[in-house]
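Structural overview for review
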Amino acid sequence: MGIENLDKMFKPKSIAVIGASDKVGKTGYRIFRNLIGSGYDGVVYPVNPTKESIQGVAAYKSIDEVPKVVDLAIIVTPANVVYDVIEQCGKKGVKGILIISAGFKEIGEEGKKLEQKLLELKEKYKLRIVGPNCVGYSLPYLNLNATFAGSMPDKGNIALFSQSGAICGAILDWAAAAKVGFSAFISVGSMLDVDFGDLIDYFGRDIYTKSIVLYSESITNARKFMSAARGFARVKPIIVIKSGRFAEGAKAASSHTGAMAGEDYIYDAAFKRAGIVRVKNILDLFNVSSILAKQPRPSGPNIAIITNAGGPGVLATDAIIEYGGKLAKLSDETMQKLNSFLPTHWSKGNPIDIIGDSDENVYQKAIDVCLDDQNIDSILVICVPQVVADPNRLADRIIDLSKKSTKPILTSFPGEASVQFTRDLLNKNNVPTYNTPEEAVESYMYLYRYARNLELIFQTPEERQVVYNKEKQEKLKQIIKKVKEEKRTILSESEAKEFIETYDIKITKPIFAKKESDAVNVAEKIGYPVVMKIQSPQITHKSDSGGVALDLQCEESVRKAYKNMMKKVKEKVPNATIEGVTLQKMAKTQGGEFILGSKKDPVFGSIILFGMGGIFTELFKDLSIGFPPLNQVIAQRIIEKTKAYTLLKGFRNIPPADMEKVEQTMINFSQLIEEHPEIAEIDINPLIICDNELVAVDARIVIDENPAGKPHMIISRYPSKYMKKIKLKDGTSALLRPIKPEDENMWQEMFDTFSDDAVRFRFFRRIKNTPHEMRTRYCNIDYDREIGIVAEITDKGKRRILGVSRIIMTPGQNEEAEYALIVSDEWQRKGLGSEFLDYTIEIARDKGLKKLTGVVLNDNVPMITLCKEKGFKVESGDPGEYKVEYKL
């Protein structure tokens, strides 16, 4: 449901506590006490069937007796009566439900059945539910503490969502000590309804929230989660700690991809694709949160260390290198300034060891100089308690400098009792401080990698071809149909390779031979050397069963290999049905063997795996995981994370591969996966480079007998169905199609043709510069949330975009969307605006929307006229604006 009705949960004007209690220590007592004792200015009604009053407030026997319809009902009753209570709330008109009670799916089948019944009530009454089995939530800016925790956290800019109630308590204790505040603190429990995706969408729009922190045990509705995270990660960092990183054992799989692509690899890849920072432990979560709450965002990896002791400086340096940072190179000007006041025997470089007898004045000068150096992105100040520099006076100087700095300043005061007051002082004044230099560096680098990862994700991809052959697609459907009719789940090698070849991936073609003499005839026809493989529906890993013979050079070797193969296979797999063998031309690699595969994950749907291949695939486990759809940049990023990339670039006597062809192979493979949700697992292994081409030497495909209802893709693919050819009034042919990341340069060229008025009419302000970050916002979009349609022509051999029309949807709001459009000035009055608006209405109907709305400046006469012609309702809005509306 997205963010629909979540205001009732998180901006309630009235609350009923059902199960409120007078008994000290009871959950109902603590929650009601916290609500009425924290300064919340809404109305709180206690509901208890056996009490006249609760904690001095008149009580009501049921929600029906409460004199008004409350926004939020907090349920603190035994699980067996929760259903009846929610039914009463639904009938009363309550829309927000917070279930504190436990006793649901965590207890087994009975609990799961009860949750299913609650979901039916949710749908029936259009409710929003947080929980069950949760601690509740705190909203410090509303002074609303709907938890049974002891106190409300301080106001701050971090929204924290946790699946673990115990972790919530630990974080609250840490936050109080570290002086870190929150904009929201939410225990999500079982996530029966409101989940991480909903919360990211809601608090991503919250003015008080600058970053989001998640403690996750599992993800539900991965597509919604990814869409929400990708939508906000660019502007509000999202930090996650995911528990359960190591499974006790992997399930049996029919492919190498299935065996290697474990759950944690997939979560890691999903977080990276969404632009989320993943930390490994609770301490990292605390430390990274501290920087987010208190300091500017990292802009680069270059760190300057200022220390009064050599040892901690060396430890910090090691940490910088280990975590992928860089020791900042001090400029000549910085060196001159430092030489002017530091002791003659200072370190003369970075780390800046100012020596133990330097006081807080020397520290201050050194920090000042480093803040002015353009080569330095961040400063780490280390102070080991020694004789001269007073830690508290130094803390005061750092606090003053930090308030004026646009660069992050981190501190480490190693020790305990002697520096505890100093740490408290720094924390109270928004300067992160750490027990060790290594913690400080690691925390900073987590956030730098966040920024760098976003930069890489949203890099503009090169345009690459899309494969489509309607005739071959029909043939593939027939192969799938035949496999299902024969009650098979595994395609033969020939069938699998036909699939792959359809997507322009080169293959070695296997030819079937039923008996030994046939094998000889086929080998003679193909030409030596050849490869022989066993053909059996039950054998997927042929090498393991003795079912592969390589580099057969003559008739004698073919006959010998055939006899040996039949003997070995029957010994190793006695129950297998052996249909015969296949033979194919021996293809020799110019450098390495690779694997390209996919499997269907139960949470994240289809994943794509690339790495070192061949018979040692599972031994080396050199792999990188991504998600379809791929473009050139994302394919490149997947490849770069593997050791296989070293071979592809050229290694010793191995020549470099054509990386454009490697990327195109991955893009084509992604398209295969996108268009065939019935594929459960697929391996191309090995994939080799032969005559400067990538060739699939072996392939296997496993079909999912029942793909319906299972997730397929967690990221929306390019909606090619919205491509339409049109003719303008002057006879110009144009293509209306969805915008894509590859359009960024054409979008900029179009923008450069806009007049000042055209820009003001579309963006409601004058815009002179459109940096890459802005361009990607308009070109690299999530098609689940937004459809941008461009009009493209080819003018004198060059492709151009003439304008853009957009439909922008609110998550969970399935009935209404906002629209906007702009046409390049030179192409106005040629009917393009009319075509855009007609097509926008057509797409909105296709998406099941009921209404389009927009805002038009009152001096944008052409747009107002066009809207009226198309049947839009036009009425006054805010000063200087009209509101327009079209009912679909």
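Refer to the structure printed above.
Worth saying up front: this structure is predicted, and the values here are computed from it rather than measured.

For the chain, the count of helices and strands is 29 helices and 39 strands. Against the globule reference of 29 Å for 888 residues, the chain gives a C-alpha radius of gyration of 32 Å, in line with a compact fold. The principal-axis extents of the C-alpha atoms in the chain amount to approximately 95 × 80 × 65 Å. Averaging the locations of the 123 positively and 117 negatively charged side chains of the chain gives two centres separated by 3 Å.

In spatial order, the strands read S32-S33-S34-S35-S36-S37-S39-S38; together these eight strands make up an open sheet with mixed pairing. On the outer flanks of this sheet lie strand S32 (724-727) and strand S38 (873-876), each paired with one strand and no other. Put simply, the sheet's adjacent strands are angled 25 degrees from each other on average, direction ignored. Both strand S33 (residues 733-738) and strand S34 (residues 786-795) contribute to a ladder of four bridges, which runs antiparallel. By the bridge assignment for S34, leucine 736 is matched with alanine 791. On the sheet, helix H25 (residues 744-751) packs against S33, S34 and strand S35 (798-809) and is oriented at approximately 95 degrees with respect to S35.

A separate point is the packing of H25 against helix H27 (residues 772-779). One way to put it is that H25 packs onto H27 with a least axis distance of 10 Å and a crossing angle of 105 degrees. As far as their axial angle goes, H27 and H25 are roughly perpendicular. Each of Glu744, Trp747 and Gln748 in H25 lies in contact with H27, whose residues at this interface are His772, Arg775, Thr776, Tyr778 and Cys779. Considered class by class, the residues forming the contact of H25 with H27 number three nonpolar, three polar and two charged.

An ideal rise of 1.5 Å per residue puts 16 Å on twelve residues; helix H9 (residues 263-274) measures up with 17 Å between its terminal C-alpha atoms. Residues of H9 that are buried: Asp264, Ile266, Tyr267, Ala269, Ala270, Phe271, Arg273 and Ala274. One or two positions beyond H9, positive phi appears at glycine 275, with a value near 85 degrees.

Another point: the pairing of strand S11 (residues 182-187). Most of S11 is tucked away: six of the six residues are buried. Note that strand S8 (residues 136-139) and S11 share two bridges and pair antiparallel. The residue of S11 that forms the bridge with serine 138 is phenylalanine 185. Regarding topology, helix H5 (residues 165-178) serves as the crossover connection from strand S10 (residues 155-162) to the parallel S11, and that connection is right-handed.

Another aspect to go through is the pattern of salt bridges. Throughout the structure, instances matching the rule amount to 65 salt bridges. Put simply, lysine 8 and aspartate 71 hold a salt bridge, and the shortest N to O gap is 3.4 Å. You can see lysine 8 sitting in helix H1 (residues 6-10) and its partner aspartate 71 sitting in the loop between strand S4 (57-58) and strand S5 (72-75), a full 63 residues away along the chain. Classification of lysine 8 by relative accessible area gives partly exposed; the value is 31%. Judged by relative accessible area, aspartate 71 falls into the buried class, the value being 12%. The shortest N-O distance in the salt bridge between aspartate 201 and arginine 785 comes to 2.7 Å.

Our focus in this paragraph is the side chain of lysine 497. Along the chain, lysine 497 turns up in helix H18 (residues 493-502). Here lysine 497 falls in the buried class, since its relative accessible area comes to 0%. Separated by 2.7 Å, the side chain of lysine 497 and the backbone oxygen of threonine 508 make a polar contact. A distance of 2.6 Å separates a polar atom in the side chain of lysine 497 from the backbone oxygen of valine 697. When residues no more than four places from it in sequence are discounted, the contact partners of lysine 497 are Ile507, Thr508, Pro510, Lys533, Gln584, Ala696, Val697, Asp698 and Ala699.

Definitions and cut-offs
- Residues numbered from 1 in each chain as written.
- Predicted model: local features only at pLDDT ≥ 70, side-chain atom pairs only at ≥ 80, totals over all residues.
- Heavy atoms only, no water.
- Helix = DSSP H or I, 4+ residues; strand = E, 2+ residues; numbered from the N terminus.
- Rg over C-alpha atoms; globule rule 2.2 N^0.38 Å.
- Lys, Arg positive; Asp, Glu negative; His and termini not counted.
- Charge placed at Lys NZ, Arg CZ, Asp CG, Glu CD.
- Pairing = 2+ DSSP bridges.
- Axes fitted to C-alpha atoms, helices over the stretch in contact; angles between N-to-C directions.
- Contact = heavy atoms within 4.5 Å.
- Parallel < 35°, antiparallel > 145°, perpendicular 65-115°, else oblique.
- Nonpolar A, V, L, I, M, F, W, Y, C, P; charged D, E, K, R; others polar.
- Expected span 1.5 Å × (residues − 1).
- Buried < 20%, exposed > 50% of the residue type's maximum accessible area, 1.4 Å probe, protein only.
- Right-handed = clockwise from strand over helix to strand, strands pointing away.
- Salt bridge = Lys/Arg side-chain N within 4 Å of Asp/Glu carboxyl O.
- Polar contact = N/O pair within 3.5 Å; in protein donor to acceptor, adjacent residues only side chain to side chain.

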